[in-house]
Amino acid sequence: MLSTPRTTAAGTTGTGRRIPVTVEAPDPITREGAVSQLRRHPEIELHEELGRDTVALLIEDTLDEAALTRLRRIVRSEGARAVLVVGTIRENELLDVIGCGVGAIVWRREATEHRLVQAVLAASRGDGDLPRDLLGRLISQVGSLHRGTAAQPGAPSLGLVPREVDVLRLVAEGLDTGEIASKLSYSERTVKNVMHGLTTRLHLRNRAHAVAYALREGYI
């Protein structure tokens, strides 16, 4: 499911550029450990400040509202891509994390040098990179919502039309509304209407729910 990007003789990715990466951690020792692992890889360029197209590696033991706020700021305000390295995630936090725009999650117990670099490279490409058990939990949550909706009297028939599948496939790849509109030659209003229509019809909370539903049902 995961692929390792090519590196050139100069140590860059196949795109010909080094990936700017920042590291945030709860203590100096943890931060320096992650920095020392990433520093060995020439395709990665460590930065102190966030910027657009930067990959932000955020290390947490557990998640709280402050951590979620940082994630939202990193992705939505700073325009960076996020890799979350975390000890535990509760069920009610998983969709919040994905809803923040986090594309890659690594368990702290699995955060080897290879695994961290793999997640950073995936995030830099806009790819998703979730541990298998987390992906299963995400799909299970949406499955529970789907079953609850189907059990309601008069529940609408479920399913996605081709245009919705096209939009969701690009959402799953990490594209924002403007990028999706450009790819599909739609207006941004059309993309927003498509997302609103399918989330309302299927009683899904947000884009993360919609992507998980499409994965579970085999649309993408």
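As the structure is a prediction and not an experimental result, all values here were calculated from the model.

1. A look at the overall build of the protein chain
Tallying secondary structure elements over the protein chain gives 9 helices and 5 strands in all. Carbon and sulfur atoms form 49% of the exposed surface of the protein chain, whose accessible area is close to 11,300 Å².

2. A closer look at the layout of surface pockets
The calculated volume of the largest pocket comes to roughly 1,700 Å³. As for the largest pocket, its lining consists of 46 residues, and the residues nearest its centre are Gly126, Val171, Ala172, Glu173 and Gly174. Every element with two or more residues in the lining of the largest pocket is listed here: helix 2 (65–77), strand 4 (81–86), helix 3 (91–99), helix 4 (113–125), helix 5 (132–150), helix 6 (162–172), helix 7 (177–184) and helix 9 (207–216). Here the lining of the largest pocket is built from residues that sort into 21 nonpolar, 10 polar and 15 charged.

3. Side note on the sheet that holds strand 2 (residues 44–46)
Spatial strand order, 2-1-3-4-5: 5 strands in an open sheet with parallel pairing. Among the strands making up the open sheet, the edge pair consists of strand 2 and strand 5 (104–107). Within the sheet, the average angular offset between the axes of one strand and its neighbour, ignoring direction, is 25°. Pairing analysis gives 4 bridges linking strand 1 (residues 19–24) to strand 3 (residues 55–60), with the strands arranged parallel. Residue pairing across strands places Val21 opposite Val55, the latter belonging to strand 3. Packing of helix 1 (residues 28–39) onto the sheet brings it into contact with strand 1, strand 2 and strand 3, and relative to strand 1 it is tilted by some 160°. Packing of helix 2 onto the sheet brings it into contact with strand 1, strand 3 and strand 4, and relative to strand 3 it is tilted by some 175°.

4. Thoughts on the packing of helix 6 against helix 7
Orientation of helix 6 relative to helix 7, taken along the N-to-C sense of each, is 130°, at an axis distance of 10 Å. The angle between helix 6 and helix 7 falls in the class oblique. The way helix 6 lies across helix 7 gives a crossing that is right-handed. Judged by residue contacts, Asp166, Val167, Leu170 and Val171 of helix 6 engage Ile180, Lys183 and Leu184 from helix 7. Split into classes, the residues belonging to the contact of helix 6 with helix 7 amount to 5 nonpolar, no polar and 2 charged.

5. Some words on the pairing of strand 3
Counting buried positions along strand 3 yields 6 of 6 residues, so the element is predominantly enclosed. Burial of the side chains of strand 3 extends over both faces: Val55, Leu57 and Ile59 are buried on one face and Ala56, Leu58 and Glu60 on the other. In this structure, strand 3 lies alongside strand 4, joined through 6 bridges in parallel fashion. The partner of Val55 across the bridge, within strand 4, is Arg81.

6. Focus: the pairing of strand 1
Two faces, one strand: in a regular strand the side chains alternate between the faces of the sheet. Strand 1 sits mainly inside the fold: 5 of its 6 residues count as buried. With helix 1 bridging strand 1 and the parallel strand 2, this β-α-β connection has right-handed handedness.

Definitions and limits used
Residues numbered from 1 in each chain as written. Predicted model: local features only at pLDDT ≥ 70, side-chain atom pairs only at ≥ 80, totals over all residues. Heavy atoms only, no water. Helix = DSSP H or I, 4+ residues; strand = E, 2+ residues; numbered from the N terminus. Areas by Shrake-Rupley, 256 points an atom, 1.4 Å probe, with all protein chains shown as cover. 1 Å grid on protein atoms, 1.4 Å probe; cavity = no way out; pocket = protein on both sides within 12 Å on 5 of 7 lines; lining within 4 Å. Points joined across faces, edges and corners; volume = space filled by probe spheres on them. Nonpolar A, V, L, I, M, F, W, Y, C, P; charged D, E, K, R; others polar. Pairing = 2+ DSSP bridges. Axes fitted to C-alpha atoms, helices over the stretch in contact; angles between N-to-C directions. Contact = heavy atoms within 4.5 Å. Parallel < 35°, antiparallel > 145°, perpendicular 65-115°, else oblique. Left-handed = near helix turned anticlockwise from the far one by under 90°. Buried < 20%, exposed > 50% of the residue type's maximum accessible area, 1.4 Å probe, protein only. Right-handed = clockwise from strand over helix to strand, strands pointing away.

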